[in-house]
Amino acid sequence: MTGTFVGMPAFPTAAKAALADDQLRRNLALATGTIRSKRAAVVGEVDNWEELRLAGAAIKDRTLRHLDEHLLRLEESLGARGAVVHWARDAEEACAIVAEVATAHRATDVVKVKSMATQEIGLNEALAEHGINAWETDLAELIVQLGHDLPSHILVPAIHRNRTEIRDIFAREMGLVGRPAPADLTDEPARLAEAARLHLREKFLAAKVAVSGANFAVAESGTLVVVESEGNGRMCLTLPEVLISVVGIEKVVPTWSDLDVFLRLLPRSSTGERMNPYTSTWSGVTTGDGPQEVHVVLLDNGRTRALADEVGRQALRCIRCSACLNVCPVYERTGGHAYGSVYPGPIGAILNPLLKGVGVDEQTDSLPYASTLCGACFDACPVRIDIPSVLVDLRAQVVDAHRGSSGHRAEAAAMKGAAWALGRGSRLRRLERVAGAGARLLTRRGRTTTQGRPAITRAPGPGRAWTDARDLPAPAPESFRRWWRRGQGAG
């Protein structure tokens, strides 16, 4: 019922189209502004917020250094409590495991807790190929699914929609796949939530299989943790007979005391709340209570690739709070779809290339450039991911991946020319005289840079694309060396 990000254009092309959508920009500005204000208020209440950020970063880094040990301990703890643990190297293996379990129970419908990992691997589409309908139960995810749309935000997937659009989607689509929306449905939030609740209740009561992700996985006890705001997750985690959880391997934390730090960081950074309305934990199977068959799929899908990157591995600290999206000036103007992934915004700009690798496709390679490098994302990140530094490093990797290609031959030739010119003083002096004379022909009278220097505004050939939007300082009419020699002679 949803589209896919496959075949999305590179960020510059997608962003240009998004910038032309005035309604989208208004929706984003209102929503991100509201979340920023709420977050600032609750973070300001915590005297040791920076110490919490440092603790969160340290726990994640320490865990990642010994990830193999903690994952094996998690597997052992889960197995001891009756859960079946599967290991998935990539999206295809993970989807195949979930489909096999669901098919074994003759499920034609599964209910889902909101999960970035299952969106990352395209689970809904994979299950559809097996004749299984996967129903999103998070309100925002339901809006996206019914609207045949794509998520555009980590925390609020339907942030690009306003209330009137949501009302129209519910009225048009709900009746085609289940209980229809009330005939007198309005765009009041309470009425929209009521319509979603009535529509989903049928699916909760009928489904035999549920699929979840996990915000955290505690290795010492084999406990999976989901935090949410609506209670739909708890319905999925308790009512069905079978529960399948797809968990990225970076979600593991060693102990409950480590989890405590993140349960204080996450709600303030994500929804601007002191704590989540619903925090659900489960450990395997409990006889007579909840699902009687539990499967956990531990997903790699590029995470070990990211772990091997000395600069980029810090992205695996991410706890999916979306704080970086809400402060990013680029995201606020382009929205999430322009990033071509379920991970949009600043974190998506580094996480996608780290998971997939650079030099693979144009769309992924464009993401490290989808930033002003203003640093607001680092200031907001509750686990201190230095996103600007990772972006710069990934840009270098993208360039290295394309060395020798036709698009970089001109740049390579320019660098060789510069090396030749700078290699001997006599050459440089001759070129300085030529540059000074040529600059006078290209400089528009009265046009200066912000430093008061004359500016070139009519650069020829490829240089025109630069000077159309920027000031290029004109070379000085006289070089420093010539000025110095002239002054020495006068003295």
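Residues numbered from 1 in each chain as written. Predicted model: local features only at pLDDT ≥ 70, side-chain atom pairs only at ≥ 80, totals over all residues. Heavy atoms only, no water.

Colleague: Even after reading the chapter, I still don't get the layout of surface pockets, so can you show me in this structure?
Modeller: Remark: the empty space left among the atoms is shown by a probe the size of a water molecule rolled over them. Its boundaries defined by the atoms lining it, the second largest pocket holds a volume of some 680 Å³. Along the wall of the second largest pocket there are 35 residues; nearest its centre are F5, Q119, E120, G122 and V342. Counting residues per element, the ones that place at least two in the lining of the second largest pocket are α6 (116-120), α7 (123-128), α8 (139-146) and α16 (345-356). (1 Å grid on protein atoms, 1.4 Å probe; cavity = no way out; pocket = protein on both sides within 12 Å on 5 of 7 lines; lining within 4 Å. Points joined across faces, edges and corners; volume = space filled by probe spheres on them. Helix = DSSP H or I, 4+ residues; strand = E, 2+ residues; numbered from the N terminus.)

Colleague: Looking at this structure, how should I read the sheet that holds strand β2 (residues 109-112)?
Modeller: Paired through backbone hydrogen bonds, the strands of a sheet run either parallel or antiparallel to each other. Spatially, β1-β10-β7-β4-β2-β3 is the arrangement adopted by the 6 strands of the open sheet, whose pairing is parallel. Strands with a single pairing partner mark the edges of an open sheet, and in this sheet they are β1 (84-88) and β3 (133-136). The sheet shows a mean angle of 25° between the axes of neighbouring strands, taken without regard to direction. Where β2 meets strand β4 (residues 209-212), 3 bridges bridge the pair, whose relative direction is parallel. By the bridge assignment, K112 is partnered in β4 with V211. Against the sheet, helix α4 (residues 67-80) contacts β1 and β10 (293-299), and its axis sits at roughly 150° relative to β1. (Pairing = 2+ DSSP bridges. Axes fitted to C-alpha atoms, helices over the stretch in contact; angles between N-to-C directions. Contact = heavy atoms within 4.5 Å.)

Colleague: I keep staring at a nonpolar patch on the surface and nothing clicks. Help me out?
Modeller: Residues F480, W483 and W484 make up a contiguous nonpolar surface patch of about 400 Å² in total accessible area. Relative to the helices and strands, W483 resides in helix α23 (residues 480-490). (Patch = residues over 30% accessible without salt bridge, like charges linked within 9 Å, V, L, I, M, F, W, Y side chains within 5 Å. Areas by Shrake-Rupley, 256 points an atom, 1.4 Å probe, with all protein chains shown as cover. Salt bridge = Lys/Arg side-chain N within 4 Å of Asp/Glu carboxyl O.)

Colleague: I would appreciate a short explanation of the side chain of H199 in the present structure.
Modeller: Within the secondary structure, H199 sits in helix α10 (residues 189-206). From its side chain, H199 meets the backbone oxygen of R179 in a polar contact 2.8 Å long. Sequence-distant contacts of H199, that is, excluding residues within four places in its chain, are made with L142, M174, V177, G178 and R179. (Polar contact = N/O pair within 3.5 Å; in protein donor to acceptor, adjacent residues only side chain to side chain.)

Colleague: Which parts of the structure should I look at to understand unusual backbone geometry?
Modeller: Among all residues save glycine, negative phi is the norm, and among peptide bonds the norm is trans. Backbone geometry at L373 places phi at a positive 60°, although glycine is not the residue there. When you line up the elements, L373 lands in the loop between α17 (362-366) and α18 (376-380). When its relative accessible area of 35% is taken as the criterion, L373 is described as partly exposed. For R384, which is not glycine, the phi torsion reads 55° and is therefore positive. Turning to its location among the elements, R384 is positioned in the loop between α18 and α19 (387-401). According to the relative accessible area criterion, R384 is partly exposed, its value standing at 26%. (Buried < 20%, exposed > 50% of the residue type's maximum accessible area, 1.4 Å probe, protein only.)

Colleague: I tried to follow the nonpolar core on my own but got confused; where do I start?
Modeller: Proteins that are soluble and globular tend to have nonpolar side chains buried together. Counting residues in each nonpolar core, the largest one holds 103 residues, and the members touching the most others are F170 and I350. Tallying contributions element by element places α16 first for this core, with 6 residues. Among all residues touching I350, those that are not within four sequence positions of it are A315, I385, I387, V390, L391 and L394. (Core = buried A, V, L, I, M, F, W, Y, C linked by side-chain atoms within 4.5 Å.)

Keep in mind these numbers describe shape, not what the thing actually does.
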